[in-house]
Amino acid sequence: MFLKVQLPWNVIISAENLDVKGLMLQRSIIIRLLDDFACKKATKDLGYFLAVTTLESIGEGKVRQHSGDVLFPVVFSGITFKLFRGEILDGVVHKVLKHGVFLRCGPVENIYLSNLKMGDYKYVPGENPVFLNDKLSKIGKDVTVRFMVIGTKWLEVERDFQALVSLEGDFLGPVS
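Looking at an unreviewed UniProt entry, one finds the protein chain named DNA-directed RNA polymerase subunit, with Rhodamnia argentea as its source organism. The annotation that UniProt attaches to the protein chain under Subcellular location (unreviewed entry) is "Nucleus". Per UniProt, the protein chain carries the Sequence similarities (unreviewed entry) text "Belongs to the eukaryotic RPB7/RPC8 RNA polymerase subunit family."

What follows is the structure in structure tokens.
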């Protein structure tokens, strides 16, 4: 789900990037904010950071003692993406294994759909392995699948989420 958030952030501008003209300073703050924002990737509470939409305010800068850099407190609005339990989403299969498939959905790379949660789908090995059901509906590499999120797990070190999903429910499965 996409979330609109308002976040406080501290932006540090090095002394050589400071300029008397206010416009250049604001530009430096925005560029540094976008760089910091991109490096952060995700948080457990808010999910993946996707975009900064508006810069709400720039506070008064405070000079740091030893470096001479200036710290500006800023508040901005942005968009994040987070998976929630029970949510219905579409993802694309990128790896097929004997015991299930891995999908991608937006910025989330590690979504696992176990063969135990695929209902009547059976594994068909081969050069391009797939899961096939009695109605000849197949789940294979590059197939879009509609699924329900069963649970998520936050990995602090990687700053990433993992998700476990299911096809148990109405209108879930490969999307044509």
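After that view, the rundown keeps rolling.
Caption draft 1: Structural view of the sheet that holds strand S10 (residues 130–132). Taken in spatial order, the 3 strands of this open sheet run S9-S10-S11, and their pairing is antiparallel. Each edge of the open sheet carries a strand with a single partner, namely strand S9 (122–124) and strand S11 (138–139). Note: S10 against S11, 2 bridges, orientation antiparallel. Within S11, the residue paired with Phe 131 across the bridge is Ile 139.

Caption draft 2: Local environment of the nonpolar core. Counting residues in hydrophobic clusters, the biggest one holds 27 residues, and the most contacted among them are Val 101, Ile 111, Ile 139 and Leu 167. Those elements that place two or more of their residues in this core are strand S6 (88–97), strand S7 (100–105), strand S8 (108–114), strand S12 (144–155) and strand S13 (160–166). For this core, the element with the most residues is S12, which contributes 4 residues. Among residues more than four places away in sequence, those in contact with Ile 139 are Val 93, Val 101, Met 118, Tyr 121, Val 130, Phe 131, Val 145, Leu 167 and Pro 174. Core analysis: the next-biggest nonpolar cluster, separate from the first, contains 14 residues, Val 5, Leu 25, Ile 29 and Val 70 among them.

Caption draft 3: Expanded view of the pairing of strand S5 (residues 70–81). Looking at chain direction, strand S1 (residues 2–13) and S5 are connected through 12 bridges and run antiparallel. Among the inter-strand pairings, Val 5 is bridged to a residue of S5, identified as Gly 78. Relative to S5, strand S3 (residues 47–58) is paired through 8 bridges, and the arrangement is antiparallel. From the neighbouring strand, Phe 49 faces S5, where its bridge partner is Thr 80. The pairing of strand S4 (residues 62–63) with S5 spans 2 bridges and is classified as antiparallel. From the neighbouring strand, Val 63 faces S5, where its bridge partner is Val 70. A loop of 6 residues connects S4 with S5, the two strands running antiparallel in sequence, and Gly 68 in this loop sits at a positive phi of about 85°.

Caption draft 4: Representation of the pattern of salt bridges. In total, this model carries 6 salt bridges according to the counting rule given. The shortest N-O distance in the salt bridge between Arg 104 and Glu 109 comes to 2.6 Å. Taking relative accessible area as the criterion, Glu 109 reaches 34% and is therefore assigned partly exposed. Linking Glu 168 and Lys 117 is a salt bridge whose minimum nitrogen-to-oxygen distance equals 3.7 Å. Separated by 51 residues along the polypeptide, Glu 168 in the loop between S13 and strand S14 (173–174) and Lys 117 in the loop between S8 and S9 bring together distant segments of the chain. The exposure class of Lys 117 is partly exposed, given its relative accessible area of 30%.

Parameters and conventions
Residues numbered from 1 in each chain as written. Predicted model: local features only at pLDDT ≥ 70, side-chain atom pairs only at ≥ 80, totals over all residues. Heavy atoms only, no water. UniProt positions renumbered as here; feature names shortened; annotations may be inferred. Pairing = 2+ DSSP bridges. Helix = DSSP H or I, 4+ residues; strand = E, 2+ residues; numbered from the N terminus. Core = buried A, V, L, I, M, F, W, Y, C linked by side-chain atoms within 4.5 Å. Buried < 20%, exposed > 50% of the residue type's maximum accessible area, 1.4 Å probe, protein only. Contact = heavy atoms within 4.5 Å. Salt bridge = Lys/Arg side-chain N within 4 Å of Asp/Glu carboxyl O.

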